[in-house]
There are 2 protein chains.
Amino acid sequence: MSVTEAWVAPAVKQKLVRQQIDLGPLGAEEVEVQVEHCGMCHSDLSVLNDEWNISQFPAVLGHEVVGRVVEVGSTAKGLTVGQRVGIGWNSGSCMHCRSCKSGEHQLCAQALPTIVGHRGGFANRIRADWAWTLPLPETLNVAEAGPLLCGGITVFNPLAMYAKPTSHVGIVGIGGLGHMGVKFAAAYGCEVTAFTSSESKFDEARQFGAHHVVSSRDSQAIQKLAGQLDLLIVTVNVPVDWDALIASLGPNGRMHVVGAVMNPIPITAMSLIFGQKSVSGSPTGSPVAMEKMLEFAARHNVLPQTEHFRMSQVNEAFAHLEAGKARYRIVLDADF
Amino acid sequence: MSVTEAWVAPAVKQKLVRQQIDLGPLGAEEVEVQVEHCGMCHSDLSVLNDEWNISQFPAVLGHEVVGRVVEVGSTAKGLTVGQRVGIGWNSGSCMHCRSCKSGEHQLCAQALPTIVGHRGGFANRIRADWAWTLPLPETLNVAEAGPLLCGGITVFNPLAMYAKPTSHVGIVGIGGLGHMGVKFAAAYGCEVTAFTSSESKFDEARQFGAHHVVSSRDSQAIQKLAGQLDLLIVTVNVPVDWDALIASLGPNGRMHVVGAVMNPIPITAMSLIFGQKSVSGSPTGSPVAMEKMLEFAARHNVLPQTEHFRMSQVNEAFAHLEAGKARYRIVLDADF
């Protein structure tokens, strides 16, 4: 099956149109997946609007795919036809660089983003390399799981790398990423402080599992937390009071950035030196980290709060997202 | 013995004068040490000039002390009269906060700097808490060891925390700290790249153990290293090409700052996210880290390159240091 129906962005900032596209012969390392649901991530919008100067048009967006394997390439490993799987930000990597061979495929310099130079999940069928096609736990709610594949792993991976259940964790920004960050951190057993600029989200942040909620616009309130946090996960893409946030970290504390903040973050050396602190960042996570995240999410019933659209409403969904109205994560249900 | 001879800085930027000072009764947790040698660190000059707004005058500077225990407080542990010891940046800590109880006394919020609110090592006698008074290995060259106690641990500790002998390590700035960083990194078994703004130091950096030397002013040369380094230890206190340095790090790379750079360092979030990189800092090291460093230095014969002055020449030594002429580390030999 080399032809699929897809929603195609013909050029930057253009509305998506439904087209038939030819996926060509299936690669030996690839599998083909029938899409059931696909999350809509803010980075789909960034690529549609070419905010990062990496977009390639025409583009098939969508990279939080849940579906069933329909065909398996000749050397693809560990997957069978009919299996339920997920595909996230990456659809392939070189498999032979040090990062891939170390199990950190997400750091491969040749990692292939699902929606840049590759056809994504707003389609009937999608292809991905077997290593990046992740079996889903049977107990996971597949209709809601899509956003875990990109947004979820982006906030879960810093927890898996740096937090323990005894950690005091701050999540900065309660949006598509941050609300999953609060849920994951609470399920991880941490004490969770949510930082949001929107007072209307205070109660909801507590419902997601935050023990404390602080206004991210209130420098004095942040300053009162001085020395208390072990890990801050920053999901916003706008400047915040960086000095106050770093001061809220205790000894060996880490501020970890996963939001695409475009302005440089001014870091005072002394603020790192005295408390032996770090500022760091990370992109999504490795295939194994994603598998562990999916297993953990299934066991603890961590799911995004979603709004569903039919995939044929993809343009309405983009408008909803761009207007900042998504609460908190959009999922498109395939209706080809 | 409560009275000692000392070189005292009466006020900011004033010449030191020899005076008798009364050390008072020996604290229960303290030991008293007869000073034999004391390194002169750039931070002695910073405190003399009150660059960090923390100085307290009159001040007895000097915090890279080598000497012999002459008296032991009633509850001081593990030290005996006559034992040869070293004292560094800190002379005490609270011993009951989480950092102290975790063995990371250097992160104690109450840590007592040897030369701020406490009388330092440009004196005949000095006091310090037993936990911060470190036994010296018998095979260590005591006349040269002083600068290990502050400058040495400052560059060794990041290696101990973050490097392996298989790591590719860059040392930025080949001065008092950096030249020890190169020696330690080479002894640690790492591949070492030295970055210096001074072409006159290229050959010397290689003699210290650097496998590669790059001009820290040559952005193009730094850019050629893209993706190659695991750990950068930045010892300079002036801005450098931060973007190029961060780009020289490979996946999971870390830029670790130990120099008191006063201008904020502008960090682009994306430069951390894609390679899962960190920017961090640290102050000296814990007592155990210092003991391990001293043992390692003795086994590998890692010593600073020093210039010796008699302690009575302390003002000449400060002038030499302030003129940027120290090659690379000054040691004062007690001559009371």
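Residues numbered from 1 in each chain as written. Chains lettered and ligands numbered in written order. Predicted model: local features only at pLDDT ≥ 70, side-chain atom pairs only at ≥ 80, totals over all residues. Heavy atoms only, no water.

Trainee: Is there a simple way to think about unusual backbone geometry in this case?
Mentor: Glycine aside, a negative phi is what most residues show, and trans is what most peptide bonds show. With an omega of -5°, the peptide bond between A:Arg327 and A:Tyr328 qualifies as cis. When you line up the elements, A:Tyr328 lands in the loop between helix H11 (314–322) and strand E18 (329–333). Here B:Phe57 and B:Pro58 are connected by a cis peptide whose omega angle stands at -5°. Within the element layout of this structure, B:Pro58 appears in the loop between helix H1 (42–48) and strand E4 (64–72). (Helix = DSSP H or I, 4+ residues; strand = E, 2+ residues; numbered from the N terminus.)

Trainee: Can you walk me through the domain arrangement of chain A in this structure?
Mentor: By a widely used convention, the size of an interface equals the accessible area lost when the partners come together. Residue and element names in this part refer to chain A. Per the domain assignment, the segments of chain A are domain 1 (3–150 + 285–333) and domain 2 (151–281). Relative to domain 2, the C-alpha centre of domain 1 lies at a distance of 27 Å. The partner domain 2 presents 21 residues to the 21 residues of domain 1 that form the contact. For the pairing of domain 1 and domain 2, the buried interface totals around 1700 Å² over both sides, and the portion due to carbon and sulfur atoms is 65%. Joining domain 1 to domain 2, the criterion identifies 0 salt bridges. Grouping the constituent residues of the side of domain 1 that touches domain 2 by class yields 14 nonpolar, 4 polar and 3 charged. (Domains from an automatic or database assignment. Contact = heavy atoms within 4.5 Å. Buried area = accessible area lost by both parts, 1.4 Å probe. Salt bridge = Lys/Arg side-chain N within 4 Å of Asp/Glu carboxyl O. Nonpolar A, V, L, I, M, F, W, Y, C, P; charged D, E, K, R; others polar.)

Trainee: How should I be thinking about the relation of the copies chain A and chain B in this particular structure?
Mentor: For the pair chain A and chain B, the best superposition has an RMSD of 0.0 Å and corresponds to a rotation of 180° with a translation of 0.0 Å parallel to the axis. Such a turn and shift between the copies fits a two-fold axis. Scanning chain A for the C-alpha nearest the rotation axis identifies A:Pro266, at a separation of 2.2 Å. The overlap is high: 100% of the interface residues of chain A also sit at the interface in chain B, so the same surface is used on both sides. (Least-squares fit on C-alpha atoms with pLDDT ≥ 70 in both.)

Trainee: What exactly am I supposed to notice about helix H11 (residues 314–322) of chain B here?
Mentor: Each turn of an α-helix holds 3.6 residues, which means side chains three or four residues apart point in the same direction. Residues and elements named next belong to chain B. Listed in full, the buried residues belonging to H11 are Val314, Asn315, Ala317, Phe318, His320 and Leu321. At its buried positions, H11 is contacted by strand E1 (3–8), strand E3 (30–40), H1, strand E17 (306–310) and strand E18 (329–333). Among the residues trailing H11, Gly324 stands out with phi positive, at a value near 75°. (Buried < 20%, exposed > 50% of the residue type's maximum accessible area, 1.4 Å probe, protein only.)

Trainee: What should I look at first to understand helix H10 (residues 287–300) of chain B in this one?
Mentor: Given a rise of 1.5 Å per residue, 14 residues ought to cover 20 Å, and the 20 Å separating the end C-alpha atoms of H10(B) matches this to within 8%. Two residues or fewer past H10(B), B:Asn301 is found with a positive phi of approximately 55°. (Expected span 1.5 Å × (residues − 1).)

Trainee: Can you help me understand the interface of chain A and chain B in this one?
Mentor: In this complex, chain A contributes 34 residues to the contact, which on the side of chain B involves 34 residues. Regarding the contact of chain A and chain B, the summed buried area is about 2600 Å², with carbon and sulfur atoms giving 60% of it. In this assembly, chain A and chain B are joined by 0 salt bridges. The interface formed by chain A and chain B includes 11 residue pairs in polar contact (both at pLDDT 80 or more). The class makeup of the residues in the side of chain A that touches chain B is 19 nonpolar, 12 polar and 3 charged. Bridge count for strand E16 (residues 278–281) of chain A against strand E16 (residues 278–281) of chain B is 3 bridges, and the pairing is antiparallel. Residue pairing across strands places A:Ser278 opposite B:Ser280, the latter belonging to E16(B). (Polar contact = N/O pair within 3.5 Å; in protein donor to acceptor, adjacent residues only side chain to side chain. Pairing = 2+ DSSP bridges.)

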